[in-house]
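Read off the chains here:
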There are 2 protein chains.
Amino acid sequence: MKQYVFGIDVGGTSIKCGLFESDGTILEKWEIITRKQEQGKHVLTDVADSILAMIEKRDLKKEEIIGVGIDVPGPVQADGTVDGAVNIGWGKKDIVGELQEQTGLKVKAGNDANVAALGEMWKGGGQGFNDLLMVTLGTGVGGGVIVNGKIVTGAHGAGGEIGHGCVNPSDEEACNCGNHGCLEQYASATGLVRMAKKAIDASSEDSVLMGAEVTAKAIFDAYKANDVLAGQIVERFAETLGNALATYCCVVDPGVIVIGGGVSKAGQVLVDVVKKYFVRDAFPSCKNTDIVLAQLGNDAGVYGAAKLVIDER
Amino acid sequence: MKQYVFGIDVGGTSIKCGLFESDGTILEKWEIITRKQEQGKHVLTDVADSILAMIEKRDLKKEEIIGVGIDVPGPVQADGTVDGAVNIGWGKKDIVGELQEQTGLKVKAGNDANVAALGEMWKGGGQGFNDLLMVTLGTGVGGGVIVNGKIVTGAHGAGGEIGHGCVNPSDEEACNCGNHGCLEQYASATGLVRMAKKAIDASSEDSVLMGAEVTAKAIFDAYKANDVLAGQIVERFAETLGNALATYCCVVDPGVIVIGGGVSKAGQVLVDVVKKYFVRDAFPSCKNTDIVLAQLGNDAGVYGAAKLVIDER
């Protein structure tokens, strides 16, 4: 008997949905809008309706369906309760209980960054590994840690919050989390632009970055074109990130590090420059740890969510 | 039927042995000498003989014995092979296979620092927790990480090598591991003395540390007596350690941090000063993570080793 599983990735703008076979073959992929009105009270109902409609469309039987995996942008407790997801409008919410009731299916929930790491391990850049660290370089820096095939959620839901390693406590600017000098302030797209603006202001050197709109992409494009100022900015970014990743490795010693998020679109040059500092600072037995680019892009969430409930069988 | 378990902690000078009931009650505790001659070829035989003698002395039946847990000062692979333990004289060695053959009992092996963390979780400072980070401040800085009750060994046996988080890559002196600026160079007994000697040389201020033998104990004693220079040294130690522990928490988010090793004999004042910087730098949901002193001292290894094989039942 073929078995099916749903993977649902809840974001602040849209909800990505996937119907998979249990081996990871994706059969359908679709999106619905995230209705954040009235503290997001319609979100789970919309998800349930969409799942039930797909079951009807494909004429699936309940006993063929393993369940629904769902990830949300917030900390998820072991019992399936989310402790607030600001971007959706949720306070404390029993997402597993509610979605189970509305679908009649088994549900398993996780944090979006953690679940994306699981997805990359299953079908992306981390295939073949059982211990993985993923870092997502986007507006912020997210992350996920997998040990022995399982997501490390942590005692307070903060497992994998590796964007908030404190790399420079004397930074005068505060991070979104309230602390000073988090990795996120140096290695996110926002952090890169922050560093670049400071460097441009302080530099007397000519650079293609001057007078143009400064974005993470523009910085890496200039770096690839051997712009000196861009080189300094990227080296600082890479030293901060490479050093932090090396430090994280002495805690959990993953078999592979997967780098994803918008900034990682810079490609292999990003991996190469980060690796230079990683190798310098990593504990000897970790120096050869693979660093690879994520492969699933925005689909990591739906894959990981599906895997979440498959692993629970 | 009562069940029994052996916990064996192999060190470079002596081998600590314990016979436990399965609930953790210790019945016998003894030591044998570590015969390191001939690449430590007698060590496992000595351990096996000692276990068999105890079984005979107490007239235990094989079916009453859960097994033997053993820890060694080196990285242990998942299959029970140690990849070299310099202090014992071992190269690559199948300790589980050999000890099983010589005792006829089930054997489970682990790295000494990791196993000590398990011991502290079972019967020491970390009781009641399932996720724990232990840091041992001795000649070096060792560590162990427990997630969901299990030791994190890592892909290269470097899980919990938290003494080698790279906190200051521009340090001119090299760490024993070959890198520059490891936590161990600041937070071990040796590291404290290193910092103190530099501070003494650079200071014009009067201090009880001048002209005396500088040890970790002397530094903390002077700190307790409000010596200004000792205060500066301890604050630097505490900022480095507190910041590193905060960073480790955003990776695995333990429920408790246990501080052990010789330096921790300074007591609660050490916890207090480290906590000040930990709270400053930790991710908001981790700021309340308990930091406690280890309770088992040199017995953490035998307790943890026993627990290792109990968990395997």
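Residues numbered from 1 in each chain as written. Chains lettered and ligands numbered in written order. Predicted model: local features only at pLDDT ≥ 70, side-chain atom pairs only at ≥ 80, totals over all residues.

Our focus in this paragraph is the interface of chain A and chain B. The interface of chain A with chain B comprises 35 residues on the first partner and 35 residues on the second. Here the element with the most residues in the side of chain A that touches chain B is helix α8 (residues 228–252) of chain A; it accounts for seven residues. Here the residues of the side of chain A that touches chain B sort into 18 nonpolar, twelve polar and five charged. (Contact = placed C-beta atoms within 7 Å. Helix = DSSP H or I, 4+ residues; strand = E, 2+ residues; numbered from the N terminus. Nonpolar A, V, L, I, M, F, W, Y, C, P; charged D, E, K, R; others polar.)

Overlaying chain A with chain B gives an RMSD of 0.0 Å, the required rotation being 180° about an axis along which the chain moves by 0.0 Å. Here the symmetry operator amounts to a two-fold rotation axis. Among all residues of chain A, the minimum C-alpha distance to the rotation axis is found for A:Tyr248, at 3.5 Å. A shared interface surface links the copies, since 100% of the contact residues of chain A are contact residues in chain B too. (Least-squares fit on C-alpha atoms with pLDDT ≥ 70 in both.)

Attention shifts here to the domain arrangement of chain A. Residue and element names in this part refer to chain A. One can read the domain layout of chain A as domain 1 (4–118 + 299–311) and domain 2 (130–294). On the side of domain 2, 14 residues touch domain 1, which itself brings 13 residues to the contact. Put simply, the parts of the chain that give the side of domain 1 that touches domain 2 at least two residues each are β7 (107–111) and α4 (112–123). For the side of domain 1 that touches domain 2, the element with the most residues is α4, which contributes five residues. (Domains from an automatic or database assignment.)

Another point: helix α4 (residues 112–123) of chain B. The terminal C-alpha atoms of α4(B), which comprises twelve residues, lie 16 Å apart, in line with the 16 Å expected from a rise of 1.5 Å per residue. Taken across its twelve residues, α4(B) has twelve buried, putting it largely inside the fold. (Expected span 1.5 Å × (residues − 1). Buried ≥ 20, exposed ≤ 12 C-beta atoms within 10 Å, placed from the backbone.)

Bringing the sheet that holds strand β8 (residues 132–137) of chain B into the picture now. Residues and elements named next belong to chain B. Overall, mixed pairing links the five strands, which are arranged β10-β9-β8-β11-β12 in an open sheet. The open sheet is flanked by β10 (150–151) and β12 (290–293), the only strands paired with a single partner. For β8 and strand β11 (residues 256–260), the ladder comprises five bridges, and the chain directions are parallel. Residue pairing for β11: Leu-133 is matched across the bridge by Ile-257. Sitting on the sheet, helix α8 (residues 228–252) touches β8, β9 (141–147) and β11, and the angle it makes with β8 is about 150°. (Pairing = 2+ DSSP bridges. Axes fitted to C-alpha atoms, helices over the stretch in contact; angles between N-to-C directions.)

Note on soluble globular proteins: their nonpolar side chains tend to be buried together. By size, the foremost hydrophobic cluster in this structure holds 214 residues, and its most contacted members are A:Ile70, A:Ile219, A:Val252, B:Ile70, B:Ile219 and B:Val252. Each residue touching A:Ile219, except ones within four places of it in the same chain, is listed here: A:Leu192, A:Ala196, A:Leu209, A:Val214, A:Ala230, A:Ile233 and A:Val234. (Core = buried A, V, L, I, M, F, W, Y, C linked by C-beta atoms within 7 Å.)

A few words now on the environment of B:Gly89. Residue and element names in this part refer to chain B. Tracing the backbone shows Gly-89 in the loop between β5 (81–85) and β6 (90–94). For Gly-89, a count of 19 C-beta atoms within 10 Å gives the class partly exposed. In sequence terms Gly-89 and Val-43 are 46 residues apart; their C-alpha atoms lie 9.7 Å from each other. Those residues in contact with Gly-89 that lie beyond four places of it in its chain are Lys-36, Gln-39 and Gly-40.

To continue, consider the pairing of β11(B). Residue and element names in this part refer to chain B. With five of five residues buried, β11 lies mostly within the body of the structure. Across the two faces of β11 the burial is the same, with Val-256, Val-258 and Gly-260 and Ile-257 and Ile-259 all buried. The sheet contact formed by β11 and β12 spans four bridges and is parallel. Its bridge partner being in β12, Ile-257 is matched across the sheet by Ile-291. Crossover handedness for the path β11 to helix α9 (residues 268–281) to β12: right-handed. (Right-handed = clockwise from strand over helix to strand, strands pointing away.)

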